[in-house]
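Survey of secondary and tertiary structure
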Amino acid sequence: MAEVLVYVDHVDGAVRKPTLELLTLARRVGEPVAVALGKGAEGTAGVLAEHGAVRVLTADAPEFADYLVVPKVDALQAAHAVLSPVAVLVPSSVEGKEIAARLAVRIGSGVITDAVDLEAGEQGPVATQSAFAASFTTRSRVSRGTPVITVKPNSAPVEAAPAAGAVEALAVSFSALATGTKVLSRTPRESTGRPELTEAAIVVSGGRGVNGAENFAIIEALADSLGAAVGASRAAVDAGWYPHSSQVGQTGKSVSPQLYIASGISGAIQHRAGMQTSKTIVAINKDAEAPIFDLVDYGVVGDLFQVVPQLTDEVNSRKG
Ligand SMILES: Cc1cc2nc3c(=O)[nH]c(=O)nc-3n(C[C@H](O)[C@H](O)[C@H](O)COP(=O)(O)OP(=O)(O)OC[C@H]3O[C@@H](n4cnc5c(N)ncnc54)[C@H](O)[C@@H]3O)c2cc1C
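Please read all numbers here as calculations on a predicted model, not as lab measurements. In this convention, every chain numbers its residues from 1, walking through the sequence in written order. The predicted origin of the model limits local features to residues at a pLDDT of at least 70 and limits the giving and counting of side-chain atom pairs to 80 or more, whereas totals for whole chains, interfaces and linings rest on all residues. Side-chain numbers here rest on the full set of heavy atoms in the structure, without hydrogens or water.

Let's shift gears to the overall build of the protein. Looking only at helices and strands, one finds 9 helices and 16 strands in the protein. Throughout, the radius of gyration refers to the C-alpha atoms, and the reference size of a globule is 2.2 Å times the residue count to the power 0.38. Since a compact globule built from 320 residues should have a radius of gyration of about 20 Å, the 21 Å found for the protein is in line with a globular shape. Along the first, second and third principal axes, the C-alpha set of the protein runs to 60 × 45 × 40 Å. Here the term buried applies to any residue with accessible area under 20% of the maximum for its type, exposed to any over 50%, and partly exposed to those in between, with areas from a 1.4 Å probe on protein chains only. When the 320 residues of the protein are sorted by exposure, 50% land in the buried category. At a minimum sequence separation of 6, the contacts of the protein that also span at least 24 residues come to 65%. For the protein, the exposed area adds up to about 14,800 Å²; of that, 51% sits on carbon and sulfur atoms. Strands are runs of DSSP state E lasting at least two residues, helices are runs of H or I lasting at least four, and both sets are numbered from the N terminus onward. Two residues form a contact once any of their heavy atoms are found within 4.5 Å. All accessible-area figures derive from a Shrake-Rupley calculation using a 1.4 Å probe, and residue coverage is judged against the displayed protein chains alone.

So this is what it looks like as structure tokens:
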């Protein structure tokens, strides 16, 4: 069976969930071969094997940590040269998309970014994308070279599918470009203890209706009861109530969680663009005519200051 390269996003050997989702999709088009780079790469093999990786190609070198993306592109290109895979799959992070684009240019291939689904096709993998603020769903396939496809987090379930996961060293020689941009320092973001917004299975967002930074505590309490990430509309961000890094929408982040709860958000097209592909959408809004109700699975017409705390209490009481 044809092999599919899967680029592994990990932190010191801890594989991030979008990579496991990629393995689910990879198995639809071929045998997944994972490429794990940098510190802790070998430590990824166990979990990758549990989720279907037939082989795990690893490489570690100071270049992966000390320089930006080019050393990783060099490594992925080396893996591509060894395997001749039917596709290369990369998580749709900012870094992932840069790696994918650079790789595609190097190997003369077409690239598809931000896919939300992937299936096997007679002439190669077919990717589904959600386009123009989620107004259209497109299906595309790369018609030149090895398809390089980035896939958004939460596009597929994580599924156990035990495979050999044989660890092999990947030989990489770095191009002259690899050391072009050096990382001088790193400052870890202060942890909120909540999941990363773009990867979270549940997102609870607040908008202008939250009416003040201090009131975001009730949004956070609901999020914490559900183990969710917190998002915000641009109106809430522009008002300085929540950081821009939490903005959902056209000029913020795109999320596609299993459950999206919007509180005090009207549902402007620019907000919808960032959350419309969520699997189940719930809105709490005191205006029954708010456009957000056009796309919800469940809508609550009510004052969020009453509804959200009650919901939080109910969730917490059921956990007990
Ligand atoms: C180029 C461009 C890019 C943009 N990018 C983004 C983006 O990335 N993300 C984004 O979100 N927006 C974006 N916007 C802004 C967007 O057009 C809207 O202005 C914004 O989404 C509105 O935010 P909101 O829904 O929180 O506020 P509003 O539209 O003011 O809605 C507030 C809602 O809260 C409800 N409400 C009020 N009080 C309560 C209460 N007590 N209980 C329950 N409900 C209550 C109201 O009924 C109302 O529906 C962009 C705009 C432009 C022009």
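Our focus in this paragraph is helix 6 (residues 216-226). Since there are 3.6 residues in each turn of an α-helix, residues three or four apart along the chain are aligned in direction. Those residues of helix 6 lying buried are F216, I219, L222, A223 and S225. Among the structural elements, strand 12 (202-206), strand 13 (229-232), helix 7 (234-238), strand 14 (259-263) and helix 9 (304-319) are those in contact with the buried residues of helix 6. Note on helix 6: the residue one or two positions beyond its end, G227, has a positive phi of about 70°.

Turning our eyes to something else, we now look at the pattern of salt bridges. A carboxyl oxygen of Asp or Glu within 4 Å of a side-chain nitrogen of Lys or Arg is what we treat as a salt bridge. Applying the stated criterion across every chain, the model contains 17 salt bridges. Residue R27 is joined to E159 by a salt bridge in which the shortest nitrogen-to-oxygen separation is 3.0 Å. Of the two residues, R27 sits in helix 1 (residues 17-29) while E159 sits in the loop between strand 10 (148-151) and strand 11 (166-169), which places them 132 residues apart along the sequence. The salt bridge involving D238 is made with R234; its shortest N-O contact spans 3.2 Å.

This brings us to the sheet that holds strand 15 (residues 280-285). When DSSP finds two or more bridges between a pair of strands, those strands are recorded as paired. Taken in spatial order, the 5 strands of this open sheet run 13-12-14-15-16, and their pairing is parallel. Either end of the sheet is taken by a strand with one partner, and the two such strands are strand 13 and strand 16 (298-301). Strand-to-strand, the axes of this sheet are offset by a mean angle of 15°, without reference to chain direction. Pairing between strand 15 and strand 16: 4 bridges, direction parallel. If you follow V282 over to strand 16, its bridge partner there is Y298. Geometry is summarised by axes, namely lines fitted to C-alpha atoms with helices restricted to the contacting stretch, and by angles between N-to-C directions that run from 0 to 180 degrees. Against the sheet, helix 9 engages strand 14, strand 15 and strand 16, with an angle of about 135° to strand 15.

On to the packing of aromatic side chains. Any two rings among Phe, Tyr and Trp, with Trp reduced to its six-membered ring, count as a pair given centres within 6.5 Å; such a pair is stacked if its planes are under 30 degrees apart, edge-to-face if over 60, and tilted if neither. One pass over the full model with this rule turns up 2 aromatic pairs. Taken together, a centroid distance of 5.4 Å and an interplanar angle of 75° make the contact between F64 and F174 edge-to-face. Taken together, the positions of F64 in helix 3 (residues 62-66) and F174 in the loop between strand 11 and strand 12 put the pair 110 residues apart, joining distant regions of the chain. Relative accessible area serves as the criterion here: at 26%, F174 is assigned to the partly exposed category. Aromatic pair F216 and Y242: ring centres 4.5 Å apart, planes at 25°, arrangement stacked. Here F216 is found in helix 6, whereas its partner Y242 is found in the loop between helix 7 and strand 14, with 26 residues between them in sequence. Comparing F216 with Y242, the two get one shared label, buried. The aromatic ring of Y67 is capped on one face by K182, whose charged end is 5.4 Å from the ring centroid. Remark: a charge is flagged as sitting over a ring if the NZ atom of Lys or the CZ atom of Arg is within 6 Å of the ring centre and within 35 degrees of the ring normal.

Quick look at the layout of surface pockets now. Taken as a whole, the second largest pocket encloses approximately 490 Å³ of empty space. As for the second largest pocket, its lining consists of 25 residues, of which R208, S233, G264, I265 and S266 are closest to the centre. Mapped onto the lining of the second largest pocket, the elements with two or more residues apiece are helix 7, helix 8 (269-272), strand 15 and helix 9. Taken together, the residues of the lining of the second largest pocket break down into 7 nonpolar, 13 polar and 5 charged. A 1.4 Å probe that fits but cannot get out identifies a cavity on a 1 Å grid over protein atoms alone, an open set with protein on both sides within 12 Å along at least five of seven lines counts as a pocket, and a residue lines either if it has an atom within 4 Å of a point. Grid points are joined across faces, edges and corners, and a volume is the space filled by probe spheres set on the points. In the scheme used here, Gly and all other residues not listed as nonpolar or charged are polar, with Ala, Val, Leu, Ile, Met, Phe, Trp, Tyr, Cys and Pro taken as nonpolar and Asp, Glu, Lys and Arg as charged.

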